[in-house]
Amino acid sequence: MRARVIYNPTSGKELLKKNLPDILTILERAGYEASAFATTPDPKSAEHEAKRAALAGFDLIVAAGGDGTINQVVNGIAPLEKRPKMAVIPGGTTNDYARALKIPRDDVLAAARIIAKNQTVKMDIGQAGAQYFINIGAGGYLTELTYEVPSHLKSIFGYLAYLVKGAEMLPHVKPIDMKLIYDDGEYVGKASMFFLGLTNSIGGFETIAPDARLDDGRFSLIIVKTANLVEILRLIVKLLNGGKHIDDPNIIYVKTSELYAEATEENVQMMINLDGEYGGDAPMTFKNLPQHIETFVNLDQISEEAVIGNEFKEASSAFVREMEHLTQEDLDGDGEISK
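Here goes a summary of the coordinates provided.

## A few points about unusual backbone geometry
Working step 1: The step from Ala282 to Pro283 runs through a cis peptide bond, and the omega angle for that step is 10 degrees.
Working step 2: For Pro283, the location among the structural elements is in the loop between strand E15 (277-281) and strand E16 (284-296).
Working step 3: Located in the positive-phi region is Lys102, a residue other than glycine, with phi close to 60 degrees.
Working step 4: On the secondary structure map, Lys102 appears in the loop between helix H4 (96-100) and helix H5 (108-116).
Working step 5: At Gln291, a position not held by glycine, the phi torsion is positive, near 50 degrees.
Working step 6: Along the polypeptide, Gln291 turns up in strand E16.
Working step 7: The partly exposed category is assigned to Gln291, whose relative accessible area is 42%.

Now the structure itself:
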């Protein structure tokens, strides 16, 4: 069997580059004839190499880098009739996909050893037009926060950078008139965003789509109908408090295998976000491709409830306190306004 490691040499403080010999040794011991390819500044470098390696008959493609590298590898192999297995060695900022697969995110060698366990899941992926995505497809003003967070802040602060930037942007969020058609119905009206999730891990949070499954052929669709600042802040607090936002009347939360999305206002652009990057403009049709790519996962832990660490809890509490102080509203329902 042959494995091709496609790695971003600048990702994760160059840890992937520094540990590449050991990663290849782990793959060799797992029974693979292993080789590596370093991505280049070409924006589709990983995608082109993944397609080439797949057509050359490699049995396994290892995407080593951040979620962007993984997305490119998926785009390289997803259109092919015969697709190799895929594995992930995280080296980016939030590493949402690795988090969902319970793959170690702070130890590249431990992540590589997951391959040796030989545990796989045939993962769903999403298709939006001619592009593919592994984790999220979204549209609306709230989703533009992903583009606004500077890359250096993502690297230093991770998900906390999204919270801080989100707080800055919330006063400017406004709704868009949308038409959204999904499996069991449609929504026509104003919304500040729609969101399709393939896993439960988005932007460092594990509670946005708390009951997402990896291989059931369905997206978790969230439609945020409000653009009111205080109401959105309350939704964020509910999200941070165990995913309770999905029961809020300002939210539509359903499962669907397809979605058609368009902006119904004249001269209004609704940008589409695919795995955190700009993916074109609506109208757009999204399809779930069930069990499309067999992927190595840490199956021993994947069914366990996601664990939220102390750092996350502290950052979440700080966000709630700051927003209550600014708005003078009791956002978390504890009867007090933080000072």
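## Things to note about the pattern of salt bridges
Working step 1: Scanning the model with the defined rule gives seven salt bridges in all.
Working step 2: The closest approach of N and O atoms between Arg4 and Glu49, which form a salt bridge, is 2.9 Å. Placement of Arg4 in strand E1 (residues 2-7) and of Glu49 in helix H2 (residues 45-55) is noted, with a sequence separation of 45 residues between them. This pair shows no difference in class: Arg4 is buried, exactly as Glu49 is.
Working step 3: Note that Glu294 and Lys85 form a salt bridge whose closest N and O atoms lie 4.0 Å from each other. A residue pair is termed long-range when its members are at least 10 positions apart, and Glu294 in strand E16 and Lys85 in strand E4 (residues 85-90) qualify at 209 residues.
Working step 4: If you follow the salt bridges from partner to partner, you end up with Arg4, Glu49 and Arg52 in one network.

## Digging into the sheet that holds strand E11 (residues 219-224)
Working step 1: Sheet architecture is open: six strands sit in the order E12-E11-E10-E7-E14-E15, paired in antiparallel fashion. The open sheet has two free edges, formed respectively by strand E12 (251-256) and E15, since each of these has just one partner strand. For this sheet the average axis-to-axis angle between neighbouring strands, irrespective of direction, equals 20 degrees.
Working step 2: Relative to E11, strand E10 (residues 193-197) is paired through five bridges, and the arrangement is antiparallel. Bridge pairing links Phe195 to Ile222 in E11.

## Examining the pairing of strand E5 (residues 120-128)
As a general feature of sheets, a regular strand has side chains that alternate between the two faces.
Working step 1: Direction of pairing for E5 relative to E16: antiparallel, over a ladder of eight bridges. When the bridges of E16 are listed, Met123 appears paired with Ile293.
Working step 2: Pairing geometry for E5 and strand E6 (residues 131-133), over three bridges, is antiparallel. Counted as the bridge partner of Gly126 is Phe133 from E6.
Working step 3: Adjacent in sequence and paired antiparallel, E5 and E6 are bridged by two residues, among which Gly129 carries a positive phi angle near 65 degrees.

What counts as what
- Residues numbered from 1 in each chain as written.
- Predicted model: local features only at pLDDT ≥ 70, side-chain atom pairs only at ≥ 80, totals over all residues.
- Heavy atoms only, no water.
- Helix = DSSP H or I, 4+ residues; strand = E, 2+ residues; numbered from the N terminus.
- Buried < 20%, exposed > 50% of the residue type's maximum accessible area, 1.4 Å probe, protein only.
- Salt bridge = Lys/Arg side-chain N within 4 Å of Asp/Glu carboxyl O.
- Pairing = 2+ DSSP bridges.
- Axes fitted to C-alpha atoms, helices over the stretch in contact; angles between N-to-C directions.

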